[in-house]
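This is what each chain is made of:
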Amino acid sequence: MKVAQAWAGYIDVTPDAVPVISPADTLRGMFVATGFSGHGFGIGPGAGKLMADIVANGTPLVNPHAFRLARFRDGSKIELDGGF
Ligand SMILES: Cc1cc2nc3c(=O)[nH]c(=O)nc-3n(C[C@H](O)[C@H](O)[C@H](O)COP(=O)(O)OP(=O)(O)OC[C@H]3O[C@@H](n4cnc5c(N)ncnc54)[C@H](O)[C@@H]3O)c2cc1C
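Under an unreviewed UniProt entry, the protein chain has the name D-amino acid dehydrogenase small subunit and belongs to Caballeronia sordidicola. In its Sequence similarities (unreviewed entry) section, the UniProt record describing the protein chain reads: "Belongs to the DadA oxidoreductase family."

A. Layout of the overall build of the protein chain. Secondary structure assignment for the protein chain yields one helix and two strands. Listed by position from the N terminus, the elements making up the protein chain come as β-β-α. A compact globule built from 84 residues should have a C-alpha radius of gyration of about 12 Å, whereas the protein chain, at 16 Å, is more than 25% larger. Dimensions of the protein chain along its principal axes, counting C-alpha atoms only, are 55 × 30 × 25 Å. For the protein chain, with 84 residues in total, the buried portion stands at 23%. In the structure as shown, the protein chain presents an accessible area of about 6,400 Å², 61% of it carried by carbon and sulfur atoms. Averaging the coordinates of the 7 positive side-chain charges in the protein chain and doing the same for the 7 negative ones gives two points 4 Å apart.

B. How the structure looks around helix α1 (residues 40-55). Here α1 spans only 19 Å end to end across 16 residues, well under the 22 Å set by a 1.5 Å rise per residue. At G46, α1 shows its strongest bend, of approximately 35 degrees. Within the span of α1, buried status applies to A47, L50, M51, D53 and I54. Residues of α1 that are buried sit in contact with β1 (20-23) and β2 (31-34).

C. Structural detail: the nonpolar core. Counting six residues, the largest nonpolar core is built from I21, F36, A47, L50, M51 and I54. A total of four residues in this core trace back to one element, the largest contributor, which is α1. Those residues in contact with I21 that lie beyond four places of it in its chain are V32, A33, F36, A47, L50, M51, I54 and F67.

D. Just the site of the ligand, in detail. Taken together, I11, D12, F36, G38, H39, G40, F41 and G42 make up all the residues around the ligand. At 2.7 Å from an oxygen atom of the ligand is found a main-chain nitrogen or oxygen belonging to G42. In the complex, the protein chains occlude 31% of the 1,000 Å² of accessible area that the ligand would expose alone. Classifying every residue of the shell around the ligand gives three nonpolar, four polar and one charged.

E. Looking closely at unusual backbone geometry. Phi is positive for A17, close to 65 degrees, though the residue is something other than glycine. Residue class for A17 comes out partly exposed when judged on its relative accessible area of 23%. At N57, a position not held by glycine, the phi torsion is positive, near 60 degrees. Positionally, N57 belongs in the segment after α1. Judged by relative accessible area, N57 falls into the exposed class, the value being 71%.

So, how was this worked out
Residues numbered from 1 in each chain as written. Predicted model: local features only at pLDDT ≥ 70, side-chain atom pairs only at ≥ 80, totals over all residues. Heavy atoms only, no water. UniProt positions renumbered as here; feature names shortened; annotations may be inferred. Helix = DSSP H or I, 4+ residues; strand = E, 2+ residues; numbered from the N terminus. Rg over C-alpha atoms; globule rule 2.2 N^0.38 Å. Buried < 20%, exposed > 50% of the residue type's maximum accessible area, 1.4 Å probe, protein only. Areas by Shrake-Rupley, 256 points an atom, 1.4 Å probe, with all protein chains shown as cover. Lys, Arg positive; Asp, Glu negative; His and termini not counted. Charge placed at Lys NZ, Arg CZ, Asp CG, Glu CD. Expected span 1.5 Å × (residues − 1). Bend = angle between axes of the 7 residues up to and from the residue. Contact = heavy atoms within 4.5 Å. Core = buried A, V, L, I, M, F, W, Y, C linked by side-chain atoms within 4.5 Å. Near = heavy atom within 4 Å. Polar contact = N/O pair within 3.5 Å; in protein donor to acceptor, adjacent residues only side chain to side chain. Nonpolar A, V, L, I, M, F, W, Y, C, P; charged D, E, K, R; others polar.

So this is what it looks like as structure tokens:
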């Protein structure tokens with residue numbers, strides 16, 4: 001058999017494979033929800049709710065600490081899957 005067609009593309013993976021759902025704290029009013037690392041369909045509804053809670057200053061659905069953008073520049077240890 002021959003391969004009929006092939007394609008390739010980027011996938012949205014962060015260095016620790018944990019999404020960023022966070023204010024961009026160096027730019028007030030900018031929020032980031034990305035890097036779903038191959039799970040963005042499945043966790044999209046929860047991620048959207050958490051992002052909405054953060055944007056609206058509501059009580060967050062879950063503790064958003066693990067999803068903060070700043071972890072990549074504040075000296076935090078970056079471990080695959082957040083070390084879980
Ligand atoms: C092959 C494959 C299989 C997958 N299977 C699953 C699965 O089984 N289950 C699951 O949960 N997840 C799966 N995923 C992951 C899921 O598809 C992604 O996590 C999800 O689509 C990410 O959503 P997003 O909105 O963050 O980003 P995206 O869907 O990538 O959307 C980003 C959008 O921004 C646009 N864009 C980019 N740059 C610019 C720019 N400069 N200006 C304007 N627009 C721009 C892009 O065109 C795109 O439309 C899979 C991914 C791949 C590649």
